[in-house]
Amino acid sequence: MMRKKSVSASKASLVLFLCQMISALEVPLDLSQPPTITQQSPKDYIVDPRENIVIQCEAKGKPPPSFSWTRNGTHFDIDKDAQVTMKPNSGTLVINIMNGGKAEAYEGVYQCTARNERGAAISNNIVIRPSRSPLWTKEKLEPNQVREGDSLVLHCRPPVGLPPPIIFWMDNAFQRLPQSERVSQGLNGDLYFSNVQPEDTREDYICYARFNHTQTIQQKQPISVKVFSMDSLNDTIAANLSDTDIYGAKPVTERQPVLLTPTGSTSTKVELRGNVLLLECIAAGLPTPVIRWIKEGGELPANRTFFENFKKTLKIIDVSEADSGNYKCIARNILGSAHHVISVTVKAAPYWITAPRNLVLSPGEDGTLICRANGNPKPNISWLANGVPIAIAPEDPSRKVDGDTIIFSHVQERSSAVYQCNASNEYGYLLANAFVNVLAEPPRILTSANKLYQVISDSPALLDCAYFGSPKPEIEWFKGVKGSILRGNEYIFHDNGTLEIPVAQKDSTGTYTCVARNELGKIQNEVQLEVKDPTMIIKQPEYKVVQRYGQVSFECIIKHDSTLLPTVIWLKDNDELPDDERFLVGKDNLTIMNVTDRDDGTYTCIVNTTLDSVSASAVLTVVARPNPPFDLELTGQLERSVELSWIPGDENNSPITNFVIEYEDGLHEPGVWHYQTEVPGTQTTVQLKLSPYVNYSFRVIAVNEIGRSQPSEPSEQYLTKSASPDENPSNVQGIGSEPDNLVITWESLKGFQSNGPGLQYKVSWRQKDVDDEWTSVIVANVSKYIVSGTPTFVPYEIKVQALNDLGYAPEPSEVIGHSGEDLPMVAPGNVQVHVVNSTLAKVHWDPVPLKTVRGHLQGYKVYYWKVQSLSRRSRRHVEKKILTFRGNKTFGMLPGLEPYSSYKLNVRVVNGKGEGPASPDKVFKTPEGVPSSPSFLKITNPTLDSLTLEWGSPTHPNGVLTSYILKFQPINNTHELGPLVEIRIPANESSLILKNLNYSTRYKFYFNAQTSVGSGSQITEEAVTIMDEVQPLYPRIRNVTTAAAETYANISWEYEGPDHANFYVEYGVAGSKEDWKKEIVNGSRSFFVLKGLTPGTAYKVRVGAEGLSGFRSSEDVFETGPAMASRQVDIATQGWFIGLMCAVALLILILLIVCFIRRNKGGKYPVKEKEDAHADPEIQPMKEDDGTFGEYSDAEDHKPLKKGSRTPSDRTVKKEDSDDSLVDYGEGVNGQFNEDGSFIGQYSGKKEKEPAEGNESSEAPSPVNAMNSFV
């Protein structure tokens, strides 16, 4: 919902202008003029007797007027009263009460006269009365003893004050007494009880009267009320009467309404026009009556009618003669009604129709003063001249009185005077002063010169030209300095000189000239008009629905004139935003964080400039899960049903869609709530079906679109009677766990399903298709019974019946079960294999006889495994695979076979007990397939016109290799490919020298292997021929070797080139188009461990150097080992190892202590000799002549390695120096490694080489290495 409102400043000016038009022409104060009363005290002036009395009388005139006063109709000589002074240049009187004067002495009717040489003006009659707040009169108050249900009136009777006091009732603790339809205060201050209740008993009903003028509160003596209930009254009567007396008070009886006020059936009420009409009806009765108001023969006035005091008071504001009539109040309860008719008459004190206005005339002109007033009764009109009745005032031949009008003809300067019009009836009077001022003055323009007016486009523009002159000047308007006179419908010329442009446009901007002229002269004035673009809200706030504790934002994007500075304010429900940090006001939005229910309402964006104002509103609705229902009540309790009712909680702006009813069984499952049913959100009662022998409690949950409410408070408990079970156990099954038994199971009845105490089960069974009697047993409240000694896998008829202390459940239905299964006896026969292609085969078999299955046939399992690859003699670890075929199926497909391989398989039948014997192994072979990519491709020895290619055979040949296919093509500087050349290479070759190439040219190579079936996937590489014959020694990376385990691989290489090279390793799945993955090598090491690899996967790898643009090694291909169950035990986590380490540490500590003691005593402990004898080769420097390592040196140390190190001083690695490859420590690619790259093969497998080399990996050593180093 959105509202848009725009108020223009020029429209406000128009309203002000219209107000000015109804006033008379103002005479400039520098010209002679009769007095005008500008300020005076109210007619009925109630003063505080403790403060000075100030009676105001201010007037203007030329010359300045003098002032005089009358009191009670006679001259009041203020000079003779020392307590009275008159303010300088004013007629205001100050009566000094605070210095000994008494306010009562100055009560009376005062009137002020302001006089100068041109006339006299008089004020209203001002009645001065001091306020009074008398004390309550002493009175003896008897306690009020009243019977329950009777009516009661507690009288206040406050003292008569001036003005009348405000009445209210409170208790001794100064707390207002609660009021309701039953108990309320009347307009006269009395406290009315329609019927009393026991809770009305109290001794501190206190009436207070507050006198606002004196700011005092008077208190009446407390009133005591004691209410006798019927029960206590009967007990009192019984205690005072004999057994033979007939006694007993009547119970509280209901009574039809009776009016307590007003009394009788009719009354009258007179009210004055413009006042507030208050009508009251208060009734007694039980139950408490409800009041309704009607107007006989008409409707209650809309928008002016209000009901107060629980509809006991009818309030009509701003009454008029049309509100006269008969008003009926009707008090009604279930026993009947009472009514009262109030006849209302609206009278009227005089009120103006046309009040006389000042008249400015030039000599010889004519004019009129009109004084018209109305009232009920019709007021009398009388005229005074300069404060004297016109009948006895000095004669003036230019005037003539005609009832409510004075006519002036050919006035002269001596005709100037002040005339008073008095309109009066029995309810009041009106007095107005209007002067006649005879002047001869040339025109004046009172509006400031060059005044700037700014308005909004398409709104009215009002250009003032306030003027004065006598005779009255004529006004003309021009646009521009030399423009023509303005005429036409597009302009409006007002009598006060204002020019109105009803719809100002941009082209209305400019200079406007106002010219005033009369017979005595002419004058002009210029004003400026600027027309601005209107302010607009181009993106208004929109209606929002948000969940409680959420966030919401309202937009208010504006467009405005560039010369105006707008201000934006936000309101909530037409009031300021709450002072809360959750409200964030941005440049063009309002955001509310963590919304609560209090934030619900209408939000208004108001944009103000100096000329206009626009606004737009939107409603925010905050929704939330409903509040929980309450007041749960159980009714209509029966053995198998009950009615539940409740009162819904607040739906929180999202309608309740349904109610969920849950129950708790306090007898069987206390504290556990179960779903019972649910009903639509419009329903608040439900009939619930119940089970016997359950102690029910219910609760209700309300649901709306936002979610579920919290559960209601539980209802009262209801225990149903016991009965025999209504139902039997469900899910009865008979399944043997052993070949010679039958296990009968069932789902037990829940607690509430037992229907009574002593729940048991009768279990019955007999063999199917055999003429046997039922065998039965009665068991306790369990869910299983085992029958022993049964034949293997035979069918049984089974039934389970519930019973309790009150009887049996209905006869149960029978189910079929089987005794226990045994393993199948025979294997499937006639197993045949049909090879479909190099990776798929189909297997057939004959089904086994069902009798030999000895159980439920679940299917067949085919075991198959690869014996060997036909392209290689080596055997590999046998990994059997299993395929299961459900049901009585006699064939199946074997996918995922490896080409050119020998396989075996067998078939077994499966039942619920397990697998039967295997069929004889069947051997079959798969045909050849296409090979995998070559394991690596290296390009070395670049010259001016040749390159040397080396490669490895495919990891999976998948047949007999017939040849290799090499394709290559040049790449220019713009990465465009040249012509493609293809070469076929015999399968037994592993290298090739390509000659006749172009010098300094980059080539791209594509290489793959072939079998008789076709070509395999290719491997690619790039290389560049050199520019001259100088053989580059560096930079280059060569001899990249890999040693792989299941999930990681050690990568090593040889590097020739400058110092400070930063290496990186790139790798990816061989044959994949995915991007290379990159790992940075710490320092200048020539090895790295790749982790997180997938077992049994072929990878490609290459090594590069950072900073050497585009330089990297050739690719190498390796394959990780197959996934194997880990048998290695980390002894570092074993208890015996931890204990051993603690013992060793303790022995070392003792040894150190002994050593320290002996050294202090001067003895010698040969630790140094032992350390020299058992030096750790990984820590101590080794001798140069034994070929072992010296101290470890990182490439960043800038130190040459000692003699015997593996890297020569020219930083090249010789081939013969690296024969001791990492692969030598494992079994091919399947060698085992720890995660850190250290070799298990160092301690098992191949013998340790001499001399032992240190592990150059910078990774942490494994626990095994740690143990060996320690020991």
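This structure is a prediction, so every number in the text was calculated from the model and none was measured. (Residues numbered from 1 in each chain as written. Predicted model: local features only at pLDDT ≥ 70, side-chain atom pairs only at ≥ 80, totals over all residues. Heavy atoms only, no water.)

## With respect to unusual backbone geometry
For the record, the criterion: Segments assigned H or I by DSSP are reported as helices when at least four residues long, segments assigned E as strands when at least two residues long, and all are numbered from the N terminus.
Cis rather than trans, the peptide bond between Leu162 and Pro163 has omega equal to -10°. Turning to its location among the elements, Pro163 is positioned in the loop between strand 14 (152-154) and strand 15 (166-170). Following Leu286, the chain continues into Pro287 via a peptide bond in cis, with omega recorded as 0°. In this fold, Pro287 is placed in the loop between strand 24 (282-286) and strand 25 (290-295). Of note, Lys311 is a non-glycine position whose phi angle comes to about 65°, a positive value. Among the secondary structure elements, Lys311 is positioned in the loop between strand 26 (305-308) and strand 27 (313-316). Notably, Asn830 is not glycine yet its phi reads approximately 55°, a positive angle. Within the element layout of this structure, Asn830 appears in strand 73 (residues 829-837).

## Here's the deal with the confidence of the model for the protein chain
Our working definition: pLDDT: the predictor's confidence for each residue, scored from 0 to 100. Residue contacts are defined here by distance: any two heavy atoms, one from each residue, within 4.5 Å place the two residues in contact.
Within the protein chain, residue pLDDT values average 84, and 85% of them lie at 70 or more. Here residues 1125-1129 scores under 50 on pLDDT; set against residues more than four positions off or in separate chains, the count is four contacts.

## Some words on the state of the cysteines
Rules: Note that a disulfide, as used here, is simply two cysteine sulfur atoms within 2.5 Å. For every residue, the accessible area obtained with a 1.4 Å probe (protein chains only) is divided by the maximum for its type, and the residue is called buried under 20%, exposed over 50%, and partly exposed between those limits.
In the structure shown here, the tally under the stated rule is six disulfides. Shown here is the disulfide that connects Cys465 with Cys514, its sulfur atoms set 1.8 Å apart. Between Cys465 and Cys514 the sulfur-sulfur dihedral comes to about -60°; the bridge is accordingly left-handed. Remark: Cys514 occurs in strand 46 (residues 510-518) and Cys465 occurs in the loop between strand 41 (461-463) and strand 42 (467-470); sequence separation between them is 49 residues. Using a relative accessible area of 1% as the deciding quantity, one classes Cys514 as buried.

## Remarks on the nonpolar core
Counted only if it meets this: Joining through side-chain atoms within 4.5 Å is the link that ties buried Ala, Val, Leu, Ile, Met, Phe, Trp, Tyr and Cys residues into a set, and such a set is a nonpolar core.
The biggest cluster of nonpolar side chains holds 29 residues, and the ones touching the most others in it are Ile53, Ile55, Trp69, Ile95 and Tyr110. Looking at this core, the elements with two or more residues in it are strand 4 (53-55), strand 5 (57-62), strand 6 (66-71), strand 9 (93-95), strand 10 (108-116) and strand 12 (126-130). No other element matches strand 10, which puts three residues into this core. Setting aside residues no more than four positions away along its own chain, Ile95 makes contact with Asn52, Ile53, Ile55, Gln83, Val84, Tyr106 and Tyr110.

## Quick word on the sheet that holds strand 58 (residues 630-635)
Selection rule: Note: two strands are recorded as paired if DSSP finds a minimum of 2 bridges between them. Note on geometry: axes are lines fitted to C-alpha atoms, helical ones only across the stretch in contact, with angles between N-to-C directions running from 0 to 180 degrees.
In spatial order, the strands read 58-59-62; together these three strands make up an open sheet with antiparallel pairing. Two strands lie at the open edges of the sheet, namely strand 58 and strand 62 (685-689), each paired on one side alone. Going from strand to strand, the sheet's axes swing by 25° on average, the running direction of each strand aside.

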